[in-house]
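# Chains, contacts and geometry: an overview
What follows is each chain in one-letter form.
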Amino acid sequence: MLMRKILYYLTSGIFLFTFSFPAAALGPAPVSAKYQAVAEGAEVAPGEYIVVTEASAANKARPFEVIHEDGDINDALKKIAKRDDVVRVEPNYIVHSTGVPDDPKFSDQWYLKNDDDQDIDANQAWEIQTGRPQIVIAVIDSGVDIDHPDIQGNTWTNFSETDGNGIDDDSNGFVDDYVGWDWVGDDNDPNPQPDGLGDDDGVVHGTHVAGIIGADTNNNLGVAGLTWNSVLMPLRVLNDEGSGTIADIAEAMRYAVDEGASIINLSLGTDSASSTLSDAVDYAHNNGLIVVAAAGNDSRNINTTPFYPICHDH
């Protein structure tokens, strides 16, 4: 009975792995309190720094700016932090997608139903609830193939925008974001974008994740989504190699909140703690959203080897 109750919440679009962070206090601070030294080997976007200033902090949609500064990372952080208007600065850390299997058949989706009962008993949950179209799930990832036959019926539409007229009809700062947005290409096409150079391991990640969450189900086609009727909001922040930046992910999270998402899925992460990412999760939680993040991939023990954002300690 307990498992049925848990799975009811899953298929209703209320996922289990959630966390919240308190809002960061913004205000005058000594230079040493405006940044943290970066550990050797941390993966960052070269020369890029996320800066919160007194002016940018007032921008709800993007309370930071990304600036360029050459030279040693820690020297650059100290230099930027000396600016009187700077509240906080950190490198633009690189984030990577986390691995998923490649199984096209429901009978192979062992996590939904298997004979050993080492599963989530999805069949029993579906007898109670199969999801609701009012639940919008933002898939922040490497893009989603919105024309995929097992996904196209469940993708989000921004009805406040007129498709293809070249105007930001809803004044949200994104022109023609009718079906989502792509922060990698800075355009309105959230589909995966392989570059054809052969290193495209991450290109299908977002579509696969979207299928696991909400593929069209009971349609005699492909795989079964955990929630049959919820809506998928595709937001592309990772390139075809499965890599992206903290700045893009944080902005996509704020977009999801402002555009009415109920849940944010982050099947990605980084070894580096980030205040920018923590603040974005806090913004989502304070607005009533549930955030789901990757944990435990590659047999990682996150108690000893932290992974973020799931391991932010507040």
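Residues numbered from 1 in each chain as written. Predicted model: local features only at pLDDT ≥ 70, side-chain atom pairs only at ≥ 80, totals over all residues. Heavy atoms only, no water.

## A closer look at the overall build of the chain
We apply this condition: Going along the chain from the N terminus, every DSSP run of H or I of four or more residues is numbered as a helix, and every run of E of two or more is numbered as a strand. The rule is simple: take the accessible area with a 1.4 Å probe, protein chains only, and divide by the maximum for that residue type; under 20% is buried, over 50% is exposed, in between is partly exposed. Contacts: residue pairs with any heavy atoms within 4.5 Å of one another. Surface accessibility in these figures is a Shrake-Rupley result with a 1.4 Å probe; residues are shielded only by whichever protein chains are displayed.
Tallying secondary structure elements over the chain gives six helices and 10 strands in all. Out of the 314 residues belonging to the chain, those deemed buried represent 50%. In the chain, the share of contacts with a sequence separation of at least 24, taken over all contacts with a separation of at least 6, comes to 72%. In the structure as shown, the chain presents an accessible area of about 15,100 Å², 48% of it carried by carbon and sulfur atoms.

## Overview of helix 5 (residues 246-258)
In plain terms, the rule: To estimate the expected span of a helix, count its residues, drop one, and scale the result by 1.5 Å.
Between the first and last C-alpha of helix 5 there are 18 Å, a value that for 13 residues agrees with the 18 Å anticipated at 1.5 Å per step. Counting buried positions along helix 5 gives 12 out of 13 residues, so the element sits mostly inside the fold. Within helix 5 the residues assigned to the buried category are I246, A247, D248, I249, A250, E251, A252, M253, R254, Y255, A256 and V257. Positive phi appears at G260, one or two residues downstream of helix 5, with a value of about 95 degrees.

## Details of the pattern of salt bridges
Stated precisely, the cut-off is as follows: Salt bridges are defined as contacts in which a side-chain nitrogen from Lys or Arg sits within 4 Å of a carboxyl oxygen from Asp or Glu.
Summed over all chains, the structure comprises six salt bridges. When the shortest N-O distance is used, the salt bridge between R62 and E251 registers 2.6 Å. Note that R62 is positioned in the loop between strand 1 (44-53) and strand 2 (65-68) and E251 in helix 5, a separation of 189 residues in sequence. Take R62: its relative accessible area is 25%, and that puts it in the partly exposed class. In this structure, the salt-bridge partner of D279 is R88, at a minimum N-O distance of 2.9 Å. Taken together, the residues D279 in helix 6 (residues 275-286) and R88 in strand 3 (residues 86-97) connect sequence positions 191 residues apart.

## Points about the packing of aromatic side chains
For clarity, the cut-off: When the centres of two rings from Phe, Tyr and Trp lie within 6.5 Å, Trp using its six-membered ring, the rings pair. Their planes under 30 degrees apart give stacked, over 60 give edge-to-face, and anything left gives tilted.
A complete count under the given rule lists six aromatic pairs for this structure. For the pair W156 and Y255, a centre-to-centre distance of 6.4 Å together with 85 degrees between the ring planes defines the contact as edge-to-face. Here W156, found in the loop between strand 4 (136-141) and strand 5 (181-182), pairs with Y255, found in helix 5; they are 99 residues apart in sequence, far enough to count as distant. As far as burial versus exposure is concerned, W156 and Y255 are alike and both buried. Summarising the aromatic geometry, the rings of F174 and W181 are spaced 5.1 Å apart at their centres and angled 70 degrees between planes, so their arrangement reads as edge-to-face.

## Re the nonpolar core
For clarity, the threshold we go by: Among buried residues, the Ala, Val, Leu, Ile, Met, Phe, Trp, Tyr and Cys ones that are joined through side-chain atoms within 4.5 Å form a nonpolar core.
Membership of the largest hydrophobic core comes to 56 residues, with the highest contact counts inside it found for I140 and I264. Sort the elements by how many residues they give to this core and helix 5 lands first, with nine residues. The residues contacting I140, other than those within four sequence positions of it, are L235, V237, I249, A252, M253, I264, N265, L266 and L268. If you look at the next biggest cluster of nonpolar residues, it comprises 12 residues, including I135, I137, A210 and I263.

## A word on the confidence of the model for the chain
Reading predicted coordinates in detail is not appropriate for stretches of low pLDDT. To be explicit about the condition: The predictor reports its confidence for every residue as pLDDT, a score running from 0 up to 100.
Looking at the chain as a whole, its pLDDT mean stands at 83, while 84% of the residues score no less than 70. The least confident element of the chain is helix 1 (residues 2-11), whose mean pLDDT is 35; the most confident is strand 5, at 98. Note on residues 1-29: pLDDT is under 50 here. Beyond four places in sequence and across chains, it has 66 contacts.

## With respect to the environment of V291
On the secondary structure map, V291 appears in strand 10 (residues 290-293). Along the chain, V291 and A138 lie 153 residues apart, while their C-alpha atoms are 9.6 Å from each other.

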